[in-house]
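Examination of the molecular architecture
Read off the chains here:
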Number of protein chains: 2
Amino acid sequence: MARIVMKFGGTSMAGTERIRRVANIVRAQAAVKPDGTRDSVAVVVSAMAGETDRLVNFCREANPLYDPAEYDVVVASGEQVTSGLLALTLQALGCKARSWLGWQLPIHTVEAHAKARVESIDAEALIASMEAGEIAVIPGFQGLSAEGRVTTLGRGGSDTSAVAVAAAIKADRCDIYTDVDGVYTTDPRIVAKAKKQKAVTYEEMLELASVGAKVLQTRSVGLAMKEGVRVQVLSSFIGEGAPPADDLPGTMIVSDEEMDELVEKGLMERQLVTGIAHDKNEAKVILTRVPDRPGAVANIFEPLAAASINVDMIIQNVGRDKGETDVTFTVPQSDLARAQALLEDRRSEIGFNRIITDSKIAKISVVGVGMKSHAGVASSMFRALSDRGINIQAISTSEIKVSVMIDEDETELAVRVLHTAYGLDAKD
Amino acid sequence: MARIVMKFGGTSMAGTERIRRVANIVRAQAAVKPDGTRDSVAVVVSAMAGETDRLVNFCREANPLYDPAEYDVVVASGEQVTSGLLALTLQALGCKARSWLGWQLPIHTVEAHAKARVESIDAEALIASMEAGEIAVIPGFQGLSAEGRVTTLGRGGSDTSAVAVAAAIKADRCDIYTDVDGVYTTDPRIVAKAKKQKAVTYEEMLELASVGAKVLQTRSVGLAMKEGVRVQVLSSFIGEGAPPADDLPGTMIVSDEEMDELVEKGLMERQLVTGIAHDKNEAKVILTRVPDRPGAVANIFEPLAAASINVDMIIQNVGRDKGETDVTFTVPQSDLARAQALLEDRRSEIGFNRIITDSKIAKISVVGVGMKSHAGVASSMFRALSDRGINIQAISTSEIKVSVMIDEDETELAVRVLHTAYGLDAKD
């Protein structure tokens, strides 16, 4: 008897018809198998697509500078509705099922309304109910603060809820059902020959999630890696009621060791590059003629960090004039105006000349654990791009990732060029 | 420093614009008064108009035979949203405010999902917060079962929530804001000369509420009477931000003793009849040729009671044939089909000949505490109706009420005739 957590996103939960499709998938998972055993099943659900936006808009209308504690009360209601409806629909299909709200389990989070983090989950009653054959339906996104108030985990937080529940009940697998059927070598809307991967490693998924492959919330991947939760990404738009195939139809997120095993068994090819991701949501900021002295850079980035603005790439160009330098970095486009205002406020303290901003940029990233042991991935990336006349404005790297900043208009071309260059195109 | 509970219904909460109007009324109530004191204020809110219907429909689509425990999870979300939004709006107006969900206070209810009853409210933290100057915003309609699950109080339950909160915090007054500005002698849409009453007694309000004057949920009036909560009915569509007038602009629901005082002070006239109510939502059932023997009538009404079908008027006509009788009674139209099916199932046990049903009936009721000490109210009612040729099909009475069943088409005529007959028409 395996313990399985299944997570369904807002598109899968959009209306009672779609919830019925989800219920059929869940029922198949929970059904008695030919060998007489059956899985214990917990389901984590998002709000209906569009519902969270509707609720967020209400909050903005009510109070543009909203109190995040009350915001959480309002927006957490979307998942409460879908969890009750899925439990009702499962019951209509003859399954035993009940909902467990965030405050009922409870899912303890640290007190940071609208972006809380899961601290622990009291899973005893939950496990007992599941073992007794009751399907548990848990609203994603929501938790309970130490003060006994409703918290939410930030947009996309239901993935993290699912992984946290899976860790708490020591689940054998956490299946994340989305509107794509797995993790691809790149965005199939850009490259028709993109291939679905049978498996990627946690680290690869973490890099892919953080550079714009919107399959999983970044935080959920980090948590899965930390807790060793086996995560599978798969589509909820498979045939209604079809039992999940034994050979796992989606993409498994695995540890490095499991990946090695898969390669040894011939189930995966050893790959230098696993995926090419792109991200058009960053903006570039250039501060010109910053004094080239100790502490100057800290003066720039400390206030941004204090304001929770996520700075990604940073490049310091040595200036023409001695003792001065240009500092270039990227921030999310949604934070650009705030970042600019913050820096203007500190102009004299930092001592720059001008702020130049550009949101018409894109970040292209090549990701793969194979880079750890193989040199030359970065240089072949630069070569492939320069051969097609694509200008690289900035570079950043990690152990298993190389990212470049380019002009936004060249995004699709760059992705196609790199997909071919690394031999990722599917054979016809 | 008075403690005031304010309750706003779904029409007042329909959208962020209307919630802003409500917030202005609440702010005025909570503001520091010319004498330097201020009221402690708790606000109980309904879901946005239409929202509960939307959620109930989702439940029906998900599972026509829905589990009331999960139904409660879904439908309680509507009030959660409006309570958070009103707290946010009050904060935007510069007030301190926070929401208290049913499970947070908690509002303990007995375990009867979808029609729970309030058992007790832990008011200590609530009172402390209110005394500290924070406006408490409480979603109506919802509570917590002994098993730690969400319950709801049945449609219209927010009135009862408000009265229960008022009782728990020993409020000086519970103001129920509705879309009418008080309790009228009858429906002003039928009788243009209907008068707003300055005060009615609990018993009168109870009879009026139960016979179709939809100002307050019946249960809330019963609770207010039992707990001695001073309730005022008034309109939320008064001028925005206008502070509640000192002379109480609505209708006060008072005890018999308070009513006597008001009359002595000349603030109220002694009235024989307080109001004329009508109700078109009943249906008539006639069972013909029921054996006239002990237990026969119990055989009819026991199964209906077991199915929670509310039987109102009952008339037993002596039949033409010895040993047989016709039994006539009324049930809510919404329960008619179910009642009919139940009785058909027990045809041989009960031993009737035919079931005749008629939903084209209306119940007209004359209500007033004055009847306790004055005879003749019923006979003058029958005389006034017969003078206009209105046929009375059945009669039922209580200590302070006389109800008659008539043809539905004659409803408006009957109400106008009685309003004039009892001298209730406003002077021009």
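Because the structure is predicted, anything quoted here is derived from the model rather than measured. (Residues numbered from 1 in each chain as written. Chains lettered and ligands numbered in written order. Predicted model: local features only at pLDDT ≥ 70, side-chain atom pairs only at ≥ 80, totals over all residues. Heavy atoms only, no water.)

A separate point is helix 14 (residues 411–421) of chain A. Residue and element names in this part refer to chain A. Along helix 14, the residues classified as buried are Thr-411, Ala-414, Val-415, Val-417, Leu-418 and His-419. For helix 14, the elements touching its buried residues are strand 13 (275–279), strand 18 (361–367), helix 13 (377–387) and strand 20 (401–407). Positive backbone phi, approximately 70°, marks Gly-423, located one or two places after helix 14. (Buried < 20%, exposed > 50% of the residue type's maximum accessible area, 1.4 Å probe, protein only. Helix = DSSP H or I, 4+ residues; strand = E, 2+ residues; numbered from the N terminus. Contact = heavy atoms within 4.5 Å.)

To go from the first copy of the chain to the second, apply a rotation about an axis and then a shift along the same axis. Overlay of chain A on chain B (RMSD 0.1 Å): rotation 180°, translation along the axis 0.1 Å. Given the turn and translation reported, the copies of this chain are related as if by a two-fold rotation axis. If distances are taken from each C-alpha of chain A to the rotation axis, the shortest is found for Ser77(A), at 2.7 Å. Comparing contact sets, 100% of the residues at the interface of chain A also lie at the interface in chain B, consistent with an isologous, same-surface contact. (Least-squares fit on C-alpha atoms with pLDDT ≥ 70 in both.)

Moving on, we come to the interface of chain A and chain B. Counting from both sides, the interface comprises 39 residues of chain A and, opposite them, 39 residues of chain B. In total, chain A and chain B occlude about 3,100 Å² of area from one another, counting both sides; carbon and sulfur atoms represent 59% of this. The tally of links from chain A across to chain B stands at 2 salt bridges. Ionic pairing is found between Arg54(B) and Glu51(A), a salt bridge with its closest N-O pair at 3.7 Å. At the level of secondary structure, the elements contributing two or more residues to the side of chain A that touches chain B comprise helix 1 (16–30), helix 2 (51–62), helix 3 (68–75), helix 4 (77–92) and strand 3 (97–99) of chain A. Among the elements that line the side of chain A that touches chain B, the one with the most residues is helix 4 of chain A, at 11 residues. (Buried area = accessible area lost by both parts, 1.4 Å probe. Salt bridge = Lys/Arg side-chain N within 4 Å of Asp/Glu carboxyl O.)

Our next topic: the packing of aromatic side chains. Residues and elements named next belong to chain A. What the rule picks out here adds up to 7 aromatic pairs over all chains. Summarising the aromatic geometry, the rings of Tyr-66 and Tyr-71 are spaced 4.7 Å apart at their centres and angled 10° between planes, so their arrangement reads as stacked. By relative accessible area, which is 24% here, Tyr-66 ends up partly exposed. Over the face of the ring belonging to Trp-100 we find Arg-98, whose NZ or CZ atom lies 3.7 Å from the ring centre. (Phe/Tyr/Trp six-rings, centres within 6.5 Å; stacked < 30°, edge-to-face > 60°. Lys NZ or Arg CZ within 6 Å of the ring centre and 35° of its normal.)

Residues and elements named next belong to chain A. When cut into domains, chain A gives domain 1 (3–265) and domain 2 (271–428). Placing a centre on the C-alpha atoms of domain 1 and another on those of domain 2 gives a separation of 32 Å. Counting residues at the interface gives 20 residues for domain 1, matched by 29 residues for domain 2. Surface buried jointly by domain 1 and domain 2 totals about 2,000 Å² across both partners, of which 55% is contributed by carbon and sulfur atoms. (Domains from an automatic or database assignment.)

So, on to the UniProt feature "binding site: substrate" (unreviewed entry) in chain A. All names here are of chain A. Under the UniProt annotation, the feature "binding site: substrate" (unreviewed entry) is placed at Thr-52 and Glu-79. Taken together, the annotated residues stretch across 28 residues yet fold into one region, lying no more than 8.8 Å apart by C-alpha. By relative accessible area, which is 9% here, Thr-52 ends up buried. Those residues in contact with Thr-52, other than ones at most four positions away along the chain, are Ala-47, Glu-79, Phe-141 and Arg-155. Turning to its location among the elements, Glu-79 is positioned in helix 4. On the basis of relative accessibility, which here comes to 3%, the residue Glu-79 falls in the buried class. Leave out the neighbours within four places in its chain, and Glu-79 touches Val-45, Ser-46, Ala-47, Thr-52, Pro-139, Gly-140, Phe-141, Gln-142 and Ser-158. Within the structure, Glu-79 has its side chain in polar contact with the backbone nitrogen of Ala-47 (distance 3.1 Å). (UniProt positions renumbered as here; feature names shortened; annotations may be inferred. Polar contact = N/O pair within 3.5 Å; in protein donor to acceptor, adjacent residues only side chain to side chain.)

With that settled, the discussion passes to the pairing of strand 6 (residues 135–139) of chain A. Residue and element names in this part refer to chain A. With 5 of 5 residues buried, strand 6 lies mostly within the body of the structure. What you see with strand 6 is no split at all: Ile-135, Val-137 and Pro-139 on one side and Ala-136 and Ile-138 on the other are buried throughout. With 4 bridges joining them, strand 2 (residues 40–45) and strand 6 adopt parallel strand pairing. Opposite Ala-42, over in strand 6, you have Ala-136 as the bridge partner. In terms of strand pairing, strand 3 meets strand 6 through 3 bridges, oriented parallel. Within strand 6, the residue paired with Ala-97 across the bridge is Ile-135. (Pairing = 2+ DSSP bridges.)

Below, the discussion takes up the packing of helix 4 of chain A against helix 3 (residues 68–75) of chain B. One can describe the packing of helix 4 of chain A onto helix 3 of chain B by two numbers: an axis separation of 7 Å at closest approach and a directional angle of 155°. One finds that helix 4 of chain A runs roughly antiparallel with respect to helix 3 of chain B. Two packed elements cross with a definite hand, and for helix 4 of chain A against helix 3 of chain B that hand is left-handed. When helix 4 of chain A is examined against helix 3 of chain B, the residues Gln80(A), Val81(A), Ser83(A), Gly84(A), Leu85(A), Ala87(A), Leu88(A) and Gln91(A) are found in contact with a partner set consisting of Glu70(B), Tyr71(B), Val73(B) and Val74(B). Class assignment of the residues belonging to the contact of helix 4 of chain A with helix 3 of chain B gives a composition of 7 nonpolar, 4 polar and 1 charged. (Axes fitted to C-alpha atoms, helices over the stretch in contact; angles between N-to-C directions. Parallel < 35°, antiparallel > 145°, perpendicular 65-115°, else oblique. Left-handed = near helix turned anticlockwise from the far one by under 90°. Nonpolar A, V, L, I, M, F, W, Y, C, P; charged D, E, K, R; others polar.)

Let's shift gears to the sheet that holds strand 18 of chain A. Residues and elements named next belong to chain A. Pairing in this open sheet of 4 strands is antiparallel, and the strands run 13-18-20-19 from one edge to the other. For this open sheet the edge positions go to strand 13 and strand 19 (394–398), each flanked by a neighbour on one side alone. Each adjacent strand pair in this sheet contributes to an overall mean axis angle of 20°, direction not counted. The pairing of strand 18 with strand 20 spans 7 bridges and is classified as antiparallel. Considered in strand 20, the bridge of Ile-364 is made with Val-404. Lying over the sheet, helix 13 contacts strand 18, strand 19 and strand 20, oriented at roughly 20° with respect to strand 20.

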